[in-house]
Amino acid sequence: MKIYAPGKLILSGEHAVVYGKPALAMAINRYAMATAVPQLLPLVSFDLSDLAYEHGLTFTALNRLKSRIKQNYQRFVSGDFKIRDVLQKPVELAQFALSLFFETFNLKLTQGVKIRVQSDIPMGCGMGSSAATVLSIVHAIAHHLQVELSRDVFFRLALEAENMQHGYSSGLDLQVSLNGGCVFVKDGQTHQRIVPDLPMYLVNTGVPSTTTGECVTHAAHFFNNSSIADDFADVTTAMDAALQANHLADIKHAVHANHELLVKIGVVPSTVQQFIEETKRFSAAAKVCGAGSVSGEKAGILLVLTDEVESLAALCARYHYSILPISGESRGVHLA
């Protein structure tokens, strides 16, 4: 049996959520999928097809890796390391999460285990791929070992692992992937919303040349020296009302307004701005869904709302962008 953990999109409020402003986020039908199966060799093996990685570690080596990563993270907290120095390679996030699970429950394996992970969530594009991967792995090993996990423990364990990747994770990616559905987050409170049924498409402009952290640092000047955080809050609140009323025109208007604010804080490269401007010719609305980028011409994933998919596909072909239809996912982490 496979464990499925959905990816996520922030419909409105990216960047502003860092400053305590509201955000709308939704789980989508793209998944990290994990299985845990026994093996004869006394190893913890990882088969991560998306990273072209297949290798086994002894339990002792896995514990050493966990200790090194924790020490690196403390050096990050004290200011000696950048967050990108905590993990030496992407696969270590999965290995750390598994080792942390063993530590949390004081488990000693009597036989080897192989973890297989596949994902159709684009990496590095603001869609919560690392959160979904961590959740799928932890749930798969818990299912394999028949360990009962409360959602609170599950969340806290995954959050600690996520911090190794992002520094200080807000937990929003994990929350959406764990529980599914659509949420409006405001003043520390999470409000469930009906999953919108919209003509939604993902357009992948490519992996940004700057990290989420670099974008957040760049945007800080705007948030600290203007009222733009309140402008983002107004747009997110308007989009929330439009979604609840299922009013597509108002939803599109809010998407346009959100895009303009992201342009103001300098995280939408000029080529992506041009692409979004051209989508208006067929009455589409589009915006960056992740942190964007402050250099280069790639901005990760765009959310595009349109009924004119053929026009969108033709435009994407001109820009050499990939396109993917999506829908909301009401389920969080689940067996299938």
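None of these values were measured; they are calculated from a predicted model.

Definitions and cut-offs
Residues numbered from 1 in each chain as written. Predicted model: local features only at pLDDT ≥ 70, side-chain atom pairs only at ≥ 80, totals over all residues. Heavy atoms only, no water. Helix = DSSP H or I, 4+ residues; strand = E, 2+ residues; numbered from the N terminus. Rg over C-alpha atoms; globule rule 2.2 N^0.38 Å. Buried < 20%, exposed > 50% of the residue type's maximum accessible area, 1.4 Å probe, protein only. Contact = heavy atoms within 4.5 Å. Areas by Shrake-Rupley, 256 points an atom, 1.4 Å probe, with all protein chains shown as cover. Salt bridge = Lys/Arg side-chain N within 4 Å of Asp/Glu carboxyl O. Polar contact = N/O pair within 3.5 Å; in protein donor to acceptor, adjacent residues only side chain to side chain. Axes fitted to C-alpha atoms, helices over the stretch in contact; angles between N-to-C directions. Parallel < 35°, antiparallel > 145°, perpendicular 65-115°, else oblique. Left-handed = near helix turned anticlockwise from the far one by under 90°. Nonpolar A, V, L, I, M, F, W, Y, C, P; charged D, E, K, R; others polar. Phe/Tyr/Trp six-rings, centres within 6.5 Å; stacked < 30°, edge-to-face > 60°. Expected span 1.5 Å × (residues − 1).

Looking at this structure, I do not really get the overall build of the protein chain. What am I missing?
Within the protein chain one finds ten helices and twelve strands. Scaling as 2.2 N^0.38, a compact globule of 336 residues should have a C-alpha radius of gyration of about 20 Å, and the protein chain matches this with 20 Å. Dimensions of the protein chain along its principal axes, counting C-alpha atoms only, are 60 × 45 × 40 Å. Counting the 336 residues in the protein chain, one finds 52% classified as buried. Restricting the contact set of the protein chain to residue pairs at least 6 apart, pairs at least 24 apart contribute 76%. On the protein chain, roughly 15000 Å² of surface is accessible, and the fraction owed to carbon and sulfur atoms is 51%.

It is not clear to me how the pattern of salt bridges should be interpreted in this structure. Could you clarify?
Opposite charge on two side chains permits them to pair, given that their charged atoms come into close proximity. Evaluation of the coordinates by the stated rule reveals 15 salt bridges. Across the pair K114 and E54 runs a salt bridge whose closest N-O atoms are separated by 3.4 Å. Of this pair, K114 sits in strand β5 (residues 112–119) while E54 sits in strand β4 (residues 53–57), placing them 60 residues apart in sequence. Here K114 falls in the buried class, since its relative accessible area comes to 16%. You can call E54 exposed: its relative accessible area is 55%. Two residues, R281 and E278, come together in a salt bridge whose shortest N-O distance is 2.8 Å. A network of salt bridges, in which partner residues are shared, links K66, K70, E103 and E160.

What exactly am I supposed to notice about the environment of D80 here?
As for its placement among the helices and strands, D80 is situated in the loop between α1 (59–77) and α2 (91–104). Along the sequence, D80 and E308 sit 228 residues apart, while their C-alpha atoms lie 51 Å from each other. At a separation of 3.3 Å, a polar atom in the side chain of D80 contacts the side chain of S78.

It is not clear to me how the packing of α2 against helix α3 (residues 129–145) should be interpreted in this structure. Could you clarify?
When two helices pack together, their arrangement is given by the angle between the helix axes and the distance between those axes. Where α2 meets α3, the axes come as close as 9 Å, and the angle between the chain directions of the two elements is 40°. It follows that α2 is oblique to α3 by the angle criterion. For the pair α2 and α3, the crossing hand works out as right-handed. Within the contact between the two elements, α2 uses L93, A94, A97, L98, F101 and F102 and α3 uses S130, V134, I137, V138, I141, A142 and L145. Residue classes in the contact of α2 with α3 are distributed as twelve nonpolar, one polar and no charged.

What is the right way to look at the side chain of T306 in this model?
Structurally, the position occupied by T306 is in the loop between β10 (301–305) and α10 (309–319). A distance of 2.9 Å separates a polar side-chain atom of T306 from the backbone nitrogen of E308. Other than its neighbours up to four places away in sequence, T306 contacts P199, Y201, F282, A284 and L312.

What exactly am I supposed to notice about the packing of aromatic side chains here?
Given two aromatic rings, one states the distance between the centres and the angle between the planes to describe the pair. A full pass over the atoms with the stated rule returns nine aromatic pairs. A centroid spacing of 6.1 Å and a plane angle of 65° characterise the contact between F101 and F102, whose relative ring orientation is edge-to-face. Site record: aromatic cluster; members linked through ring pairs are Y19, F223 and F232.

What is the right way to look at unusual backbone geometry in this model?
The general pattern is negative phi for most residues beyond glycine and trans for most peptide bonds. Positive phi is not limited to glycine here, since H15 has a value of about 70°. Residue H15 is classed as buried on the basis of its relative accessible area, which comes to 6%. The phi torsion at H320 lies on the positive side, around 60°, for a residue other than glycine. Tracing the sequence through the fold places H320 in the loop between α10 and β11 (322–326). Note on H320: relative accessible area 71%, which makes it exposed.

Would you explain helix α4 (residues 151–166) in this entry?
Given a rise of 1.5 Å per residue, 16 residues ought to cover 22 Å, and the 21 Å separating the end C-alpha atoms of α4 matches this to within 8%. Among the residues making up α4, those that are buried are F154, L157, A158, A161, E162, N163 and M164. Each element contacted by the buried residues of α4 is listed here: α1, α2, α3 and α5 (172–179). Backbone geometry just downstream of α4 places G167 in the positive-phi region, at approximately 90°.

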